[in-house]
Each structure stands twice: as C-alpha cells, then as structure tokens.
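# Examination of the molecular architecture
Now for the letters of each chain:
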Amino acid sequence: MNIYLKLFVIFFRVGAFTFGGGYAMIPIIQKEIVENTELISEKEFLDLIVVCQSLPGALAVNTSTFIGYKIAGVLGAFIALIGTVLPSLVFIILIAIFYNRISDIKEIQLFFKGVRPAIVSLIFISVLKLGKNMRRSNFNIIIGLAAFFAITFLNIHPIVVVVFCGTAGYIYVKRRQKHYGVR
Amino acid sequence: MVYVKLFLAFLKIGAFSFGGGYAMLPLIEQEIVYINNWLSAYEFVDIIAISQMSPGPIAINAATFVGFKHLDVLGAVVATIGVVLVSFLLVTSLAQILLKYYKSPVVNGVFTGLRPAVIGLMAAACVSLFRTSVEDFKSLIICIAVLVIIHKTRTHPILIILLSGIMGIVVYTI
C-alpha cells in the first residue's frame, strides 16, 4: 500500500475509535505504529512522546503529526494530521446539529444537569492523580499553587500564567545549577 | 471579520496550551466563554462531557463545536485549522531539533516550571467548572457520589457520564 494512504488509514482509525480525549489516543497510536507496522521503534516512540508533550497544543495532534513527518516528511505530517482530525470534525458537527435539536427536550436537559457535576469529579480525580505522582518540592508546590490562585482568584489570563511559570522554571534550574556548580 | 476572530482565538489556544487535555481547559474557557462569549458556561461543560464520549482531543472538539455553532461548517473548519496550525508548523520545523536537544538545560528548565503549573491549571479548571455545575444540593450529591464511585471502582469515564446523566434525570424528576 502507498505509504501516504497507509498513514491516512492508520491515523483515521486512531482518530475515529479513541474515545475520551487525546491521552486515550497515545496507547492506540503506539499499538498501531510501533507494534503492528514497526515503522518506528519503541524507544523512538517514547522520545517522541516526551517532545510532543513539551510542544503546545493537543498531544494527540502533535504525536500523529510528528510520526507522519518522521515516516514521510511534511506531506506525511499533513496526511497524518488530517487523518487524526477528520473523524472528530465530522462527529462533532453531527453532534452539534443534534445538540441544537434535542437541547429543548426536558430529559436531555436533566441528563446534562447530572453530567456537569460528574465532569467536575472526573477532573478532580485527575488533579489528585497528577499531584500524587509529582515530587513535593517547595518549588513544585509554590508554582502549582501560584498558577491555581492566579487563574481562580486574580483572573489572570492562562497564557500569562504559562509564560510566567516556564520562565520561573528556567531561572530556578539555572540558579540551582550555579549553586551546585553543575553545568 | 468573524472568521479571522475565530481563527485567531483558536490559534492562541493551540499555541499556548501546554500539558494537553484538561490542562487546556482554562485557556479554552477564557477565550470562548469569557472573552468572546461564544458559548455559555453550561455549554462549555457540556462540550467537555461530549468530548469524553466522542473521538478526538478536547481542543479539536471544542474548536469544531464552537466554529460550527457560530459559522456553520466553514467556521468549524476554520477553528480547527486554527487550533492545529501551530502544532503542525512546530512539529515540521522544530521537532527533529527538539528530539536531539530535549534534554538541554533550557528546555528542561522551562518544563520544570510548566509541569507543576499544569496541575494548577487543571485545579483552576476544576474550581471554575464546580462554580458552574454545582448549583444546588442535588448536583452536590451527584458530584460526591461520582467521586466515591470513581475512587472505589475505577469505572470508565464514558460509563460515569452515562450513569451521572441517568442520576440527573432521576434526581431532578422526583
């Protein structure tokens, strides 16, 4: 099969069958690309995920674009991107049409009234999980709390918070290195 | 022009959200609920719920939904291009270099700061959504019940959503 067509098919499948957001896509991409086709080695894949996590934007989009690029250049990146995005584009447009029609129905409104507090719980659990896995250094605690307070109570724009925390991290690491004399 | 505005808002979201997933929520919320009033706070929570039950990353889903709601299919496409454009450009231009240098002190330093910030961002999203979603005693009960269920049983999020929706119908009709 043509490599471009193959990329499209793989990422379309990834885009269409992973429910629950971008993070759910990563193991599927790994299975499709590393295990089934061996287009990329396990180690390369792990490095690639780290880099994609450090780039802005949706993780699944970064990952599939990067894999497409590595396998077949800029065109490959483009095709992998289209493959990943197309299913959710179509699906969400259908839902949006549907949502407008059914949002007047009383049961549907009550359904969403029940779902909204559950979303809060889902996010809360993720925060707890992430917090548990993070080292409790003073720096981490201060930055995490500062970001939280800046957005929740001071209404500071999230972009400002992100830029500030990134800069703070850079300065912190640099000073610590100077202090311990490591380069 | 409306298309340009839509495009730029989602370009910003794509360019400045780190950590993916829930960590992107405060920025998306800021841009589409508070700055541009494209969605109500309720619709925003519903979009997160819909994203949990449908394929694709939440940023893409939000872009498509908002774009379609205001400017039809072309709007959906424009917003989606906006949200992925920076990713595409960065990956195709910078990624190879980053693959070599991601262990460099500069990149490492910036991420030492961003990693804990991501938790703060998610916590902020949680509080903001709590203010929107938990407005009476019944919704508080659902919120706590779901917390207990997730903690005890590790039920899949899609099931959680269906379950909580049914709880909503039951609790608010009796």
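Residues numbered from 1 in each chain as written. Chains lettered and ligands numbered in written order. Predicted model: local features only at pLDDT ≥ 70, side-chain atom pairs only at ≥ 80, totals over all residues. Heavy atoms only, no water.

## Observations regarding the overall build of chain B
The following threshold applies: By the criteria applied, helices consist of DSSP H or I runs no shorter than four residues and strands consist of E runs no shorter than two, each listed in order from the N terminus. Burial classes: relative accessible area under 20% of the type maximum marks a residue as buried, over 50% as exposed, and values in between as partly exposed (1.4 Å probe, protein chains only). In this tally Asp and Glu are treated as negative and Lys and Arg as positive; neither His nor the chain ends contributes. Where a charge lies is defined by one atom per residue type, namely NZ (Lys), CZ (Arg), CG (Asp) and CD (Glu).
The helix and strand inventory of chain B stands at seven helices and zero strands. Secondary structure of chain B in N-to-C order comes out as α-α-α-α-α-α-α. Split into buried and exposed, the 174 residues of chain B put 57% on the buried side. Here chain B carries 10 positive and 7 negative side-chain charges, and the mean point of each set is 16 Å from the other.

## Some words on the domain arrangement of chain A
Rules: Residue ranges for the domains originate in an automatic or database domain assignment.
Per the domain assignment, the segments making up chain A are domain 1 (3–102), domain 2 (105–133) and domain 3 (134–183). Once you take the C-alpha centre of each, domain 1 of chain A and domain 2 of chain A turn out to be 26 Å apart.

## Here we look at the UniProt feature "transmembrane region" (unreviewed entry) in chain A
All names here are of chain A. Heads up, the condition is: UniProt positions are given in the numbering used here, feature names are shortened, and annotations may be inferred rather than shown by experiment.
If you check UniProt for "transmembrane region" (unreviewed entry), the listed places come out as residues 7–29, 71–98, 110–128 and 140–173 in our numbering. Counting secondary structure, residues 71–98 comes out at 100% helix and 0% strand; the distance between its end C-alpha atoms is 38 Å. Note that residues 110–128 is 100% helix and 0% strand, and that its end C-alpha atoms are spaced 28 Å apart.

## So, the nonpolar core
Note the cut-off: Here the nonpolar core consists of buried residues drawn from Ala, Val, Leu, Ile, Met, Phe, Trp, Tyr and Cys, with membership extended through side-chain atoms lying within 4.5 Å. Pairs of residues are marked as contacts when any of their non-hydrogen atoms sit within 4.5 Å.
Grouped together as the largest cluster of nonpolar side chains are 116 residues, with contacts concentrated most on Ile119(A), Phe10(B), Leu25(B), Ile32(B) and Leu129(B). Top contributing element to this core by residue count: helix α4 (residues 58–101) of chain B, with 18 residues. Residue contacts for Leu129(B): discarding those within four places in its chain leaves Ile119(A), Val120(A), Ile123(A), Leu25(B), Glu29(B), Phe44(B), Val45(B), Ile48(B) and Val134(B).

## Looking at helix α7 (residues 157–173) of chain B
Selection rule: Take the number of residues in a helix, subtract one, and multiply by 1.5 Å to get its expected span. The arc in question is the one spanned by the directions pointing from the helix axis to the C-beta atoms.
In this model α7(B) runs 24 Å from its N-terminal to its C-terminal C-alpha over 17 residues, within 8% of the 24 Å that 1.5 Å per residue would give. The complete set of buried residues in α7(B) reads Ile160(B), Ile161(B), Ser164(B), Gly165(B), Met167(B), Gly168(B) and Tyr172(B). Buried residues of α7(B), viewed axially, fall in a sector of 160°; they line one side. Summarising the contacts, the buried residues of α7(B) are in contact with α5 (106–133) of chain A together with α3 (41–53) and α6 (137–153) of chain B.

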